[in-house]
Amino acid sequence: MKLLKILLSSLLLFSLVACSGNTDKEEESSEPVELIVWNTYTEHHAEAYNQIVADFNASQSEVVVVVQPQAYQDYEAKILQAVRNGIGPDVVSAYPTAVSAYIDEDLLVDFAPYINGENGISDFKDNLIGNLYGEITQWGEESIYMIPVIQTSEVLYYNATWYEELNLEVPTTWEQLEDNSRVILESKGVPGFGTDSEVDTFQDLIMQAGSGYINPETKTVEFDNEITLEQLKWFSDLVNEGVFRLVGEDYYFSNPFGSEAVGSYLGSSAGVQYALGAAGDKFTVGVAPMPQMGLGNDYIPSWGGGYISFKTTEEKADAAFAFLKYLSSTEVSASWATTLGGLPAYKTAVETTVYQEYLNENIAAKALYEQLDSFGWLHSIAGSASVRGYITKMVQEASTGLKTPEQALEECVEASNSELQSY
């Protein structure tokens, strides 16, 4: 009898412990999911983004987004290393060249089931601006690994005071830009044009001229042709003449532009405040859409990228989609675009009163908006990030006389194909 009492007491104690354990588990499951987000925003960009996060966190109780700012230097390499070690972020913004590498390693959440699900994003495909849907589904239309929010791209900053003084028209073609730049060189003794990014501008030239870029099936470049050689000769000859110039150690052209060392340059629409600040009271800054070839292949690069989430748990994936659905919503994306100086990725956001009023205030955003229909994209596969580096090297070597355009192009093609086919 005594033994029976002991057994019954033990059973009761076990039951109480078990019930206590279940209660703790239920309490744990009711805790919000913590979502770690990395970015490189600073100053007013960081302040605005953190406010968006705070508003999201206050709007619901299932997810808590925690922002962990990171240094810009070696950012993508740091992300990949951290994710591989299991200590990385849950959500980041990334460009397609990085996304392709993550996809190859099966690291990303596929948002297609979420977007197309019962609580998804209605009219997602039709609401995206330009050719964004093609860019984010280039790895297979059944999967969507990126959710776009903002688009930026190149616009032409020019010294409007000089343009008026020299009776120059704002160029809409590269030929007009060359003519204007020659006048500026003759009149002011400085190059008339430069570009913040040799690779992006050269991609603009060959795409507008009708060349291909990368063939994802054969893993070879498609710019091994006369079109590319012609554009390389044209650009490098103008640099060698002093009509155009490379950015060199300045890295960005806003400061040389502000000091009147160059008459115009291609730079990001998001950098308008740097151009205005550098110019100060010395001259009036004008901003215009990027020049085109006029051959029916109008093209400007897509610089927005999109947000991605790394695979961990189903709860994290659910939380990531909830946050990105909020971030890409009409009002939020419109407001965030006004902070970054870009275009919202969604037509409904572009059409909001907030954003339309902003276009009347920001000359760079207005120029970007005017070329909305020219947004294009390039295939991103493993190794395509390195191709960009080879193109930069090609342009610099041809423009500084280290190589002939023929030699520079040949070496660029050989190195690019070798890189693409090494994966």
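Everything numeric in this text was worked out from a predicted model, so none of it was measured.

Enquirer: So what exactly am I meant to see when it comes to the overall build of the chain here?
Expert: Per the secondary structure count, the chain includes 20 helices and 15 strands. Counting only C-alpha atoms, the chain reaches 110 × 50 × 35 Å along its principal axes. The buried share of the chain, taken over its 423 residues, is 50%. For the chain, the share of sequence-separated contacts (at least 6 apart) that also reach a separation of at least 24 residues comes to 75%. By element, 49% of the accessible surface of the chain is carried by carbon and sulfur atoms, the whole surface being about 20400 Å². Of the side-chain charges in the chain, 20 are positive and 62 negative, and the distance between the mean point of each set is 8 Å.

Enquirer: Looking at this structure, I do not really get the side chain of Thr392. What am I missing?
Expert: Examined against the element boundaries, Thr392 turns out to sit in helix H19 (residues 384–399). Note on Thr392: relative accessible area 18%, which makes it buried.

Enquirer: Explain helix H15 (residues 330–340) here, please?
Expert: Spacing of three or four residues puts side chains on the same side of an α-helix, whose turn is 3.6 residues. Those residues of H15 lying buried are Val332, Ser333, Ala334, Trp336, Ala337 and Leu340. One or two residues past the end of H15 sits Gly341, with phi positive at roughly 75°.

Enquirer: Explain unusual backbone geometry here, please?
Expert: Backbone geometry at Glu43 places phi at a positive 50°, although glycine is not the residue there. As for its placement among the helices and strands, Glu43 is situated in helix H2 (residues 43–59). With relative accessibility at 66%, the residue Glu43 sits in the exposed group. Non-glycine residue Lys219 carries a positive phi angle of around 55°.

Enquirer: Looking at this structure, I do not really get the pattern of salt bridges. What am I missing?
Expert: Once their charged atoms are close, side chains differing in charge can pair, the charge on each being opposite to the other. Tallied over the full model, the rule gives 12 salt bridges. Note that Glu178 is salt-bridged to Arg182, the shortest N-O span being 3.2 Å. Of this pair, Glu178 and Arg182 both sit in helix H9 (residues 174–188), 4 residues apart, roughly one helical turn. Notably, a salt bridge pairs Glu406 with Lys233, separated by 3.1 Å at the nearest N-O pair. One end of the pair, Glu406, is in helix H20 (residues 405–420); the other, Lys233, is in helix H11 (residues 226–241), and 173 residues separate them in sequence. Residue class for Lys233 comes out partly exposed when judged on its relative accessible area of 33%.

Enquirer: Could you clarify how one ought to interpret the pairing of strand S1 (residues 33–39) in this entry?
Expert: Of all 7 residues in S1, 5 are buried, a share of seventy percent or more. One ladder, built from 7 bridges, connects S1 with strand S2 (residues 63–69); its direction is parallel. Opposite Glu34, over in S2, you have Val64 as the bridge partner. In this fold, S1 hands off to H2, which returns the chain to S2; that crossover is right-handed.

Enquirer: So what exactly am I meant to see when it comes to the nonpolar core here?
Expert: Inside soluble globular proteins, nonpolar side chains tend to come together where they are buried. In terms of nonpolar packing, the biggest core is built from 131 residues, with Tyr49, Tyr157, Phe223, Phe323 and Ile391 touching the most fellow members. The element that contributes the greatest number of residues to this core is helix H14 (residues 314–327), accounting for 7 residues.

Enquirer: I keep staring at the layout of surface pockets and nothing clicks. Help me out?
Expert: The gaps left among the atoms become clear once a water-sized probe is rolled over them. Taken as a whole, the second largest pocket encloses approximately 320 Å³ of empty space. Leu80, Thr97, Ala98, Ala101 and Ala385 are the residues nearest the centre of the second largest pocket, which is lined by 18 residues in total. Element by element, the count of residues in the lining of the second largest pocket is highest for helix H4 (residues 96–104), at 5 residues. Taken together, the residues of the lining of the second largest pocket break down into 9 nonpolar, 4 polar and 5 charged.

Enquirer: Would you mind going over empty space enclosed by the protein with me for this structure?
Expert: Inspection of every chain in the model, using the stated rule, returns 1 cavity of 30 Å³ or more. The computed volume of the largest cavity comes to approximately 40 Å³. If you trace the largest cavity, you find it lined by Ile129, Gly130, Asn131, Leu132, Glu135, Gln151, Ser302, Phe375, Gly376 and Trp377. Broken down by secondary-structure element, the contributors of at least two residues to the lining of the largest cavity are helix H7 (132–136) and strand S15 (375–376). Broken down by class, the residue content of the lining of the largest cavity amounts to 4 nonpolar, 5 polar and 1 charged.

Enquirer: Quick question: what am I supposed to make of the confidence of the model for the chain here?
Expert: Put simply, the chain has an average pLDDT of 92, and 93% of its residues get 70 or more. Every residue in residues 1–28 scores below 50 in pLDDT, and together they form 0 contacts with partners more than four places removed in sequence or on other chains.

Enquirer: How do you make sense of the packing of aromatic side chains when you look at a structure like this?
Expert: Two aromatic rings are characterised by how far apart their centres lie and by the angle between their planes. This model, assessed by the stated rule, comprises 23 aromatic pairs. Centroid distance Tyr41 to Trp336: 5.1 Å. Interplanar angle 80°. Geometry classified as edge-to-face. Of the two residues, Tyr41 sits in the loop between S1 and H2 while Trp336 sits in helix H15, which places them 295 residues apart along the sequence. Accessibility classification places Tyr41 together with Trp336 in one group, the buried group. Note on Trp174 and Trp234: the rings are 6.1 Å apart at their centroids and 85° apart in plane angle, and the pair reads as edge-to-face. Of this pair, Trp174 sits in helix H9 while Trp234 sits in helix H11, and the two are 60 residues apart along the sequence.

The rules behind the values
- Residues numbered from 1 in each chain as written.
- Predicted model: local features only at pLDDT ≥ 70, side-chain atom pairs only at ≥ 80, totals over all residues.
- Heavy atoms only, no water.
- Helix = DSSP H or I, 4+ residues; strand = E, 2+ residues; numbered from the N terminus.
- Buried < 20%, exposed > 50% of the residue type's maximum accessible area, 1.4 Å probe, protein only.
- Contact = heavy atoms within 4.5 Å.
- Areas by Shrake-Rupley, 256 points an atom, 1.4 Å probe, with all protein chains shown as cover.
- Lys, Arg positive; Asp, Glu negative; His and termini not counted.
- Charge placed at Lys NZ, Arg CZ, Asp CG, Glu CD.
- Salt bridge = Lys/Arg side-chain N within 4 Å of Asp/Glu carboxyl O.
- Pairing = 2+ DSSP bridges.
- Right-handed = clockwise from strand over helix to strand, strands pointing away.
- Core = buried A, V, L, I, M, F, W, Y, C linked by side-chain atoms within 4.5 Å.
- 1 Å grid on protein atoms, 1.4 Å probe; cavity = no way out; pocket = protein on both sides within 12 Å on 5 of 7 lines; lining within 4 Å.
- Points joined across faces, edges and corners; volume = space filled by probe spheres on them.
- Nonpolar A, V, L, I, M, F, W, Y, C, P; charged D, E, K, R; others polar.
- pLDDT = per-residue confidence, 0-100.
- Phe/Tyr/Trp six-rings, centres within 6.5 Å; stacked < 30°, edge-to-face > 60°.

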